[in-house]
Amino acid sequence: ETAQGVIALETPPRAEDAAIVPVAIRAAFPQSPERFIDRIWLLIDNNPSPIAAVFAFTRETGRAEIETRTRVEQYTFVRAIARTNDGRLHMVANYVKASGGCSAPAGKDAIAAKANLGKMRLRVDDAPTEGQPARAQLMVSHPNDSGLAMDQVTRTYATPHFVRRVEVRYAGRPLLDADVDFSISENPNFRFYLLPGDGGELEARVVDNQDLEFKTSL
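Residues numbered from 1 in each chain as written. Predicted model: local features only at pLDDT ≥ 70, side-chain atom pairs only at ≥ 80, totals over all residues. Heavy atoms only, no water.

So, the overall build of the protein
When you go through the protein residue by residue, the secondary structure sums to one helix and 14 strands. Dimensions of the protein, computed from the C-alpha atoms along their principal axes, are close to 55 × 35 × 25 Å. Across the 218 residues of the protein, 47% fall into the buried class. Taking all contacts inside the protein whose residues are at least 6 apart in sequence as the whole, residues at least 24 apart take part in 67%. Only carbon and sulfur atoms are counted for the fraction: they give 50% of the accessible area of the protein, which is about 10700 Å². When the 26 positive and 29 negative side-chain charges of the protein are each reduced to one mean point, those points stand 2 Å apart. (Helix = DSSP H or I, 4+ residues; strand = E, 2+ residues; numbered from the N terminus. Buried < 20%, exposed > 50% of the residue type's maximum accessible area, 1.4 Å probe, protein only. Contact = heavy atoms within 4.5 Å. Areas by Shrake-Rupley, 256 points an atom, 1.4 Å probe, with all protein chains shown as cover. Lys, Arg positive; Asp, Glu negative; His and termini not counted. Charge placed at Lys NZ, Arg CZ, Asp CG, Glu CD.)

In structure tokens form, the structure reads like this:
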């Protein structure tokens, strides 16, 4: 079904950098017991791995919205599909002109990237207000190697090494879960929302495809 009145997708028509293409998926209504979005799929049609991310939301988010940065390998449609609590699927698609993002070399020195591997930062951007969703951000230091970038010196390919799972909990309750892959840019970054409620600990857990696990809390 059409996504009008459910979600909107924001992407640049032409990307400045195909390895860092900003994507924002915005809900047209707040999460409520009567109507809410429980899942959003982010698809990049012509990428080697088209399913870039699957986000699972709870009503605790207040708004089922997500912002991140992606890799785009060639000119393609980018799609967001939202599932509402009545089981209906709603799709929106934008065409993005970008190429080479998945096979581009890493933007940072490999030794420095390894030293910072798994460092995470959580923050809440908005001043918490009772009943109003506050925007939060999770930043993960990780090369998110696709395995498709050739080393120009050795002429070999790096072993794929990328974040696979992101879990965010608030006051001990699930807030946001995401299954992601190398279509998400180096140093994954996610902006999302939460309802402050009575306060509590905001926790993030990240697992990569080599089963390395990283945690942080706020």
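And the narrative resumes.
Topic: the nonpolar core
Within the largest apolar cluster, 49 residues are counted, with the highest numbers of intra-cluster contacts made by I7, I25, I37, F55, L138 and F192. When residues no more than four places from it in sequence are discounted, the contact partners of I25 are I7, A8, L9, I40, L42, A64, E65, I66 and A80. (Core = buried A, V, L, I, M, F, W, Y, C linked by side-chain atoms within 4.5 Å.)

Quick look at the packing of aromatic side chains
All told, the structure shown has four aromatic pairs when counted by the stated rule. Here F55 and F57 contribute two aromatic rings whose centre-to-centre distance is 6.5 Å and whose plane-to-plane angle is 45°, an arrangement assigned as tilted. There is no split in this pair, since F55 and F57 are both buried. Centre to centre, the rings of F162 and F182 are 5.5 Å apart; their planes meet at 80°, and the pair counts as edge-to-face. Placement of F162 in the loop between β9 (134-140) and β10 (163-170) and of F182 in the loop between β11 (173-180) and β12 (189-194) is noted, with a sequence separation of 20 residues between them. Each of the two residues, F162 as well as F182, counts as buried. (Phe/Tyr/Trp six-rings, centres within 6.5 Å; stacked < 30°, edge-to-face > 60°.)

Let's talk about the sheet that holds strand β3 (residues 37-44)
Taken in spatial order, the eight strands line up as β7-β6-β3-β4-β11-β10-β13-β14 in an open sheet, and their pairing is antiparallel. Two strands bound the open sheet, and with one partner strand each, they are β7 (89-96) and β14 (213-217). Sheet twist, expressed as the mean angle between neighbouring strand axes with direction ignored, is 10°. Looking at chain direction, strand β6 (residues 76-84) and β7 are connected through eight bridges and run antiparallel. Bridge pairing links R83 to L89 in β7. (Pairing = 2+ DSSP bridges. Axes fitted to C-alpha atoms, helices over the stretch in contact; angles between N-to-C directions.)

Focus: the environment of P22
Checked against the element boundaries, P22 lands in strand β2 (residues 21-27). Separated by 46 residues in sequence, P22 and T68 place their C-alpha atoms 6.0 Å apart. Apart from residues no more than four positions distant in its own chain, P22 is found in contact with E10, T11, P12, T68 and R69.

Digging into the pattern of salt bridges
Scanning the entire structure with this criterion turns up 18 salt bridges. Between R173 and E60 there is a salt bridge, and its shortest N-O distance comes to 3.1 Å. Taken together, the residues R173 in strand β11 and E60 in the loop between β4 (51-57) and β5 (66-70) connect sequence positions 113 residues apart. One salt bridge in this structure joins R165 and E167, with 3.1 Å as the shortest N-O distance. A relative accessible area of 23% means that R165 is categorised as partly exposed. (Salt bridge = Lys/Arg side-chain N within 4 Å of Asp/Glu carboxyl O.)

Digging into the side chain of S146
Checked against the element boundaries, S146 lands in the loop between β9 and β10. Its relative accessible area of 8% is what places S146 among the buried residues. Discounting chain neighbours no more than four positions away, the residues touching S146 are C102, P160 and F182.

Quick look at a nonpolar patch on the surface
A surface patch of nonpolar side chains, about 280 Å² in accessible area, is lined by Y75, F77 and Y95. Here Y95 lies in strand β7. Exposure remark for Y95: the relative accessible area of 38% places this residue in the partly exposed category. (Patch = residues over 30% accessible without salt bridge, like charges linked within 9 Å, V, L, I, M, F, W, Y side chains within 5 Å.)

Things to note about the environment of A127
With respect to the helices and strands, A127 occurs in the loop between β8 (120-124) and β9. On the basis of relative accessibility, which here comes to 63%, the residue A127 falls in the exposed class. Considered as a pair, A127 and P196 are 69 residues apart in the sequence and their alpha carbons are 9.5 Å apart.

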